[in-house]
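So the chains spell out like this:
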Amino acid sequence: RGIGAAKIEVARLIPSRAALALENFTSYGNLKNPELYDATVDRTAERVEEKIRLGEKDSTQPFYYTVDLGKMLTGENRRGLFHVTIQSEHGTYVARRLILLTDLGVIGKKSTKGAFDIFVQSIANGTPVSGARVEAIGQNGEPVVAATTDERGHAELPDISTFRREKAVQFFMVSRGSDVSFLFP
C-alpha cells in the first residue's frame, strides 16, 4: 500500500557457487526470509533487474502485482535456484523469496547404518531420473562424496556424520544437465 514503484531483482545462483549463498541464508537469515548481500550475489549469481510501476499511491487500498519471471529468465537460465528481491522505490519495504525451478524431485532417506539413499524423479512425468549427479557439499563448497543415479533414480552415499570442519556436509546437490535441485540432510 502506498508504494508507487519498486525494483525487482532476480538472481540465479550459479550451482557451483551455491554453497556460499546457502551458507549466508542459514547464517544471516533463514530460508523463509533469505537475505543475500550484494557482495555475495556478485560472487555467486547472475542477476536481472527491472523497475516497475505499481499504480496509485493511495495508502488505503492494497495493490497486487504479478511478477512474470518468464520474461526475465532466458536460455539456460530458466532452471535453478533463484533469489528474488522486491524493494520499494525508497527502500522502505523489502520482500525476499527463494524460488527453485526444477524438474528434479529429490527424496532422501537415512539408513540405520548412516548411509543416505537418494531418489530422483522427474516432476513432469514421475519417472525415475537416471544419470543425475548427487553430491554431498561440504562447508568449503566442494563435493565431499558423490554418486550417480541408476536406472531406478537411486544413488547411495556413505555415512556423512564423520565428516568435520570443511568437509562437514551442508546439503546435497543433485544435477542433470542444466537442471539442479537441493536437499538438506
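Notes on the structure in this doc start here. None of these values were measured; they are calculated from a predicted model.

**Some words on the packing of aromatic side chains**
Reasoning step 1: Counted according to the given criterion, the structure contains 3 aromatic pairs.
Reasoning step 2: Judged by centre distance (5.6 Å) and plane angle (65 degrees), the rings of phenylalanine 171 and phenylalanine 182 are edge-to-face. Taken together, the positions of phenylalanine 171 in strand β10 (residues 169–176) and phenylalanine 182 in strand β11 (residues 179–183) put the pair 11 residues apart, joining distant regions of the chain. The exposure classification of phenylalanine 171 matches that of phenylalanine 182, with both residues buried.
Reasoning step 3: Arranged with centres 6.1 Å apart and planes meeting at 55 degrees, the rings of phenylalanine 171 and phenylalanine 184 form a pair that is tilted.

**Quick notes on the environment of phenylalanine 172**
Reasoning step 1: Note on placement: phenylalanine 172 falls in strand β10.
Reasoning step 2: Residue classification places phenylalanine 172 among the buried residues on the basis of a relative accessible area of 1%.
Reasoning step 3: Sequence separation between phenylalanine 172 and valine 144 is 28 residues, and the spatial gap between their C-alpha atoms is 10.0 Å.
Reasoning step 4: Dropping the residues within four chain positions of it, phenylalanine 172 is found in contact with Phe116, Ile118, Glu135, Ala136, Leu157, Ile160, Ser181, Phe182, Leu183 and Pro185.

Calculation notes
- Residues numbered from 1 in each chain as written.
- Predicted model: local features only at pLDDT ≥ 70, side-chain atom pairs only at ≥ 80, totals over all residues.
- Heavy atoms only, no water.
- Phe/Tyr/Trp six-rings, centres within 6.5 Å; stacked < 30°, edge-to-face > 60°.
- Helix = DSSP H or I, 4+ residues; strand = E, 2+ residues; numbered from the N terminus.
- Buried < 20%, exposed > 50% of the residue type's maximum accessible area, 1.4 Å probe, protein only.
- Contact = heavy atoms within 4.5 Å.

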